[in-house]
Amino acid sequence: MYMKRVTTEQIALQLGVSRNTVSKALNGSENISSKTREYILQEAIAMGYKKKSFEEVQSKNNTKKDIFIILHERETADSFWLSMIRGVEMVAARNGFRTIITFPTKDEEEDLKLPAQITRNGAAAAIIAGDFQEDVYKNFQDSRIPTVFFDKPHDSKQLFGDTLIMDNFECVYQITTDLIEQGIHNIGFIGNINSCWSYYDRFRGYKHALKDNQIELDEKKCILGYFSNNYTFEQKITQNIETLISNQSFPEAFVCVNDHLAYAVYMFLNKLNPELSNKTIFTGFDNSMIFPGLYATVNPNMQQMGILAINLLFIRMKYPNLPYSLIKTSSKIIYMGMHLTQVTNK
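Residue indices follow the written sequence of each chain, beginning from 1 at its first position. Reporting in this predicted model follows two pLDDT cut-offs: at least 70 for local features of residues, and 80 or more for side-chain atom pairs to be given and counted; totals over whole chains, interfaces and linings ignore these cut-offs and use all residues. Only hydrogens and water are removed before side-chain values are computed, so all heavy atoms of the structure are retained for them.

J.: How do you make sense of the packing of helix H2 (residues 19–26) against helix H3 (residues 34–46) when you look at a structure like this?
T.: A pair of packed helices is characterised by two quantities: the angle between their axes and the separation of those axes. Geometry is summarised by axes, namely lines fitted to C-alpha atoms with helices restricted to the contacting stretch, and by angles between N-to-C directions that run from 0 to 180 degrees. Each helix corresponds to a stretch of at least 4 residues labelled H or I by DSSP, and each strand to a stretch of at least 2 residues labelled E; elements are numbered beginning at the N terminus. The contact between H2 and H3 brings their axes to 9 Å, and the two run at 90°. Judged by the angle between their axes, H2 and H3 are roughly perpendicular. Contacts between H2 and H3 involve Thr21, Val22, Ala25 and Leu26 on the former and, on the latter, Thr36, Arg37, Ile40, Leu41 and Ala44. Classes in brief: Ala, Val, Leu, Ile, Met, Phe, Trp, Tyr, Cys and Pro nonpolar; Asp, Glu, Lys and Arg charged; the others, Gly included, polar. Among the residues forming the contact of H2 with H3, the class breakdown is six nonpolar, two polar and one charged. Oblique is the label for any angle not under 35 degrees, not over 145, and not in the 65 to 115 range, which are roughly parallel, roughly antiparallel and roughly perpendicular in turn. Here, residues are in contact when the closest pair of their heavy atoms is within 4.5 Å.

J.: So what exactly am I meant to see when it comes to the packing of aromatic side chains here?
T.: The geometry of an aromatic ring pair is captured by the separation of the ring centres together with the interplanar angle, meaning the angle of the planes. Only Phe, Tyr and Trp rings take part, Trp by its six-membered ring, and two of them pair if their centres are within 6.5 Å. Stacked means planes under 30 degrees apart, edge-to-face means over 60, and tilted covers everything else. According to the stated counting rule, one finds 16 aromatic pairs in the structure shown. Of the aromatic side chains, those joined through ring pairs into one cluster are Phe250, Phe254, Tyr263, Tyr266, Phe282 and Phe291. Note on criteria: charge over ring means Lys NZ or Arg CZ within 6 Å of the ring centre, with the direction from the centre no more than 35 degrees off the ring normal. Sitting over the face of the ring of phenylalanine 285, arginine 202 holds its NZ or CZ atom 3.6 Å from the ring centroid.

J.: Which parts of the structure should I look at to understand the confidence of the model for the protein chain?
T.: Residues shown with low pLDDT carry predicted positions that ought not to be read at fine detail. The share of residues in the protein chain with pLDDT of 70 or more is 86%, and the mean pLDDT across the chain is 83. For every residue, the predictor reports its confidence as pLDDT, a number between 0 and 100. Across the protein chain, the secondary-structure element scoring lowest on mean pLDDT is helix H4 (residues 54–62), at 44, and the one scoring highest is helix H9 (residues 168–181), at 97. Within the model, pLDDT remains below 50 along residues 53–62, and this stretch shows 13 contacts once partners closer than five positions in the same chain are excluded. Contacts of residues 341–346 to residues separated by more than four positions or lying in other chains number nine contacts, the stretch itself having pLDDT below 50.

J.: Explain the pattern of salt bridges here, please?
T.: Side-chain pairs of opposite charge can arise whenever the charged atoms involved come near each other. Salt bridges are defined as contacts in which a side-chain nitrogen from Lys or Arg sits within 4 Å of a carboxyl oxygen from Asp or Glu. Summed over all chains, the structure comprises eight salt bridges. We note a salt bridge from aspartate 66 to arginine 98, for which the minimum N-O separation is 2.9 Å. Of the two residues, aspartate 66 sits in strand S1 (residues 66–70) while arginine 98 sits in strand S2 (residues 98–102), which places them 32 residues apart along the sequence. Among the charged side chains, a network of salt bridges with common partners joins Glu134, Asp135 and Lys138.

J.: Help me understand the side chain of aspartate 131, please; the structure alone is not making it clear to me.
T.: Counting through the fold element by element, aspartate 131 comes out in the loop between strand S3 (125–128) and helix H8 (134–143). Side-chain polar atoms of aspartate 131 contact the side chain of serine 195, separated by 2.8 Å. The term polar contact refers here to a pair of N or O atoms within 3.5 Å; inside protein, the definition further demands a hydrogen-donor-capable atom paired with an acceptor-capable atom, and it admits residues adjacent in sequence only when both atoms are side-chain atoms.

J.: What's the story with helix H14 (residues 302–318) in this structure? I'm lost.
T.: Across its 17 residues, H14 extends 24 Å between first and last C-alpha, which sits within 8% of the 24 Å expected from 1.5 Å per residue. Among the residues making up H14, those that are buried are Met302, Met305, Gly306, Ile307, Ala309, Ile310, Leu312, Leu313, Phe314, Arg316 and Met317. Under the convention used throughout, the expected extent of a helix is 1.5 Å for every residue step, that is, one less than its residue count. For the exposure calls, accessible area comes from a 1.4 Å probe over protein chains only, and a residue counts as buried if that area is under 20% of its type's maximum, exposed if over 50%, partly exposed in between.

J.: Teacher, can you tell me more about the sheet that holds strand S4 (residues 147–150) here?
T.: Strands in a sheet are paired, the pairing made by backbone hydrogen bonds, and the direction either parallel or antiparallel. Strand pairing follows a simple DSSP-based rule, namely that at least 2 bridges must link the two strands. Overall, parallel pairing links the six strands, which are arranged S2-S1-S3-S4-S5-S10 in an open sheet. In this open sheet, the two strands that pair with only one neighbour each are S2 and strand S10 (326–328). Averaged over all adjacent pairs, the angle separating strand axes in this sheet is 20°, with direction ignored. Pairing of S3 with S4 involves three bridges; the strand directions are parallel. Bridge pairing in S4 places isoleucine 127 opposite valine 148. Against the sheet, H8 touches S1, S3 and S4, its axis set at about 165° to S4.

Structure (structure tokens):
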């Protein structure tokens, strides 16, 4: 008689523990007590759980030729990620692999499920791009699919797989320091610093540059809220920008987590107060657009990061038991040739 496969989620529900705890027990992790591990193993066996050997899983994955890139659908038009995808596709094709881009549905994200394409057809490997909940990272770790993550949760102390991050802290620290050295001391920051490690690290770079130059951080001049859609973004920007103007404490410059956000704030400010927008300096990140008032951005060379990601996957597929790696890639600051005196004297 056919027996339906028992999942870690079913075991967790039955025992009243987290799925992560069940996964640790089944995988022999030393991060839980031996008593808890033995209890979960005994109950899992009693429920009919049968764990495939790692060799079986790896053998199955080695027959597959699909490498999935998982990202939010809203990001497909962003040249930032498209450059990364080109790098992955170029190397994957040379090695006989097919690249498939997939977007988690709203239900999959809310229920913390792997994308249906992967659960239905399996995957040789996966690349996770963009900001996802920590449980999404854990799900891919539990799936044992070789995975490379671009970024990681901002407050997580652990790695869930091989991880690539950019030179966030140092680049933003240097840009902020350059502004200060040119006499710009009233500097604000804009971005959702709880979205991912990169955004949080950029905020850290900004903070440390202020501190090292004896400038006190004033979070009233920063906009640090979560921008999930245009409506929320508009509300947050409107509220904060108008408050800053009314208090006559409007920053001379804004350090923004990326170019798109810097441009959106510039355009909003231009509609609200064109004269003020012409006097305000913006810095961004990603090298994705140019607009008046943009003083500097950062080129992380996403195509090269894509090439690095796919080669990391090949190493992981060949040597599955290697420790997870955290790799920080170098990035290049690009100055727009703007003379700050031209902006501040307008």
